[in-house]
Amino acid sequence: MIRRETATGVRREVRLPPLPPGLEVYRPADVLGSAVLVVEDEAAMLQQLRIDLHDLGYRPSVAASVPQAQDVLEHERVAAVLLDLVLDEQEDSGFELLTWIRQHHPGLPVIVLSAAQVNSASIRRAYELGASSYFVKGNVPMAHIYSDLAARLVERGTGRPGTYRFGKLEFD
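Residues numbered from 1 in each chain as written. Predicted model: local features only at pLDDT ≥ 70, side-chain atom pairs only at ≥ 80, totals over all residues. Heavy atoms only, no water.

## Structural notes on the environment of L108
Mapped onto the fold, L108 is located in the loop between α3 (93-104) and β6 (110-114). A C-alpha to C-alpha distance of 9.4 Å links L108 and R152, two positions 44 residues apart in sequence. (Helix = DSSP H or I, 4+ residues; strand = E, 2+ residues; numbered from the N terminus.)

## A short note on helix α5 (residues 142-156)
A turn of α-helix holds 3.6 residues, and therefore any two residues three or four places apart point the same way. Helix length check: α5 (15 residues) gives 21 Å between terminal C-alpha atoms against 21 Å at 1.5 Å per residue, within 8%. Taken as a whole, α5 has its buried residues at A143, I145, Y146, S147, D148, L149, A150 and L153. Summarising the contacts, the buried residues of α5 are in contact with β3 (35-39), α1 (43-55), β5 (80-84), β6 and β7 (133-136). (Expected span 1.5 Å × (residues − 1). Buried < 20%, exposed > 50% of the residue type's maximum accessible area, 1.4 Å probe, protein only. Contact = heavy atoms within 4.5 Å.)

## Concerning the environment of L37
By the element assignment, L37 lies in strand β3. On the basis of relative accessible area, L37 is assigned to the buried category, the value being 0%. Expressed as a C-alpha distance, the spacing of L37 and A69, which sit 32 residues apart in the sequence, is 7.7 Å. Beyond its immediate sequence surroundings of up to four residues, L37 is in contact with S61, V62, A63, A69, V72, L73, V78, A80, V81 and L82.

## Description of the sheet that holds strand β4 (residues 59-63)
With parallel pairing, five strands are arranged side by side in an open sheet as β4-β3-β5-β6-β7. Two strands bound the open sheet, and with one partner strand each, they are β4 and β7. Adjacent strand axes in the sheet meet at a mean angle of 20° when their direction is disregarded. Pairing of β5 with β6, which is carried by four bridges, proceeds in the parallel orientation. What sits directly across from D84, in β6, is L113. α3 contacts β3, β5 and β6 of the sheet and is inclined by roughly 160° relative to β5. (Pairing = 2+ DSSP bridges. Axes fitted to C-alpha atoms, helices over the stretch in contact; angles between N-to-C directions.)

Okay, structure coming up:
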């Protein structure tokens with residue numbers, strides 16, 4: 001149980017959902033309920049990420065392609081993105097989506113997960129295009145990735161400092 005002060009100064013207790021077995025992760029109460037978009041074309045991995053994120057207290061949305069991800073980002077408020085770089089067997093699809101995200105949602109944390117793009121040039125390119133973090137699938141425990149996600153959300157608050165665009169509307 002964590003005590004947290006609301007915007008009106010009222011203290012309240014927040015009960016964290018229990019962690020799934022084997023997922024000892026950093027997860028402050030402030031990030032629970034955050035919407036996270038998972039962009040992954042491998043069905044089993046997409047399902048596992050969705051289940052884990054839900055179990056950790058997030059609200060996951062999923063997309064298996066660049067157009068699906070863009071549609072979600074244009075119509076829903078998302079606090080962070082977990083992005084596979086190779087979608088539909090197209091080497092540059094994830095890089096193209098990362099570029100699009102930076103153009104339309106510059107403060108949105110994007111955590112890259114890749115099994116195919118593991119060379120230093122691809123890692124450098126992802127960071128140059130604005131990736132917040134980069135993890136090679138299978139080389140790091142998922143708990144580390146989920147802890148990094150929580151840290152990025154804490155750093156960025158809502159995930160979008162400044163203005164927020166929802167379709168054609170722009171909010172402060």
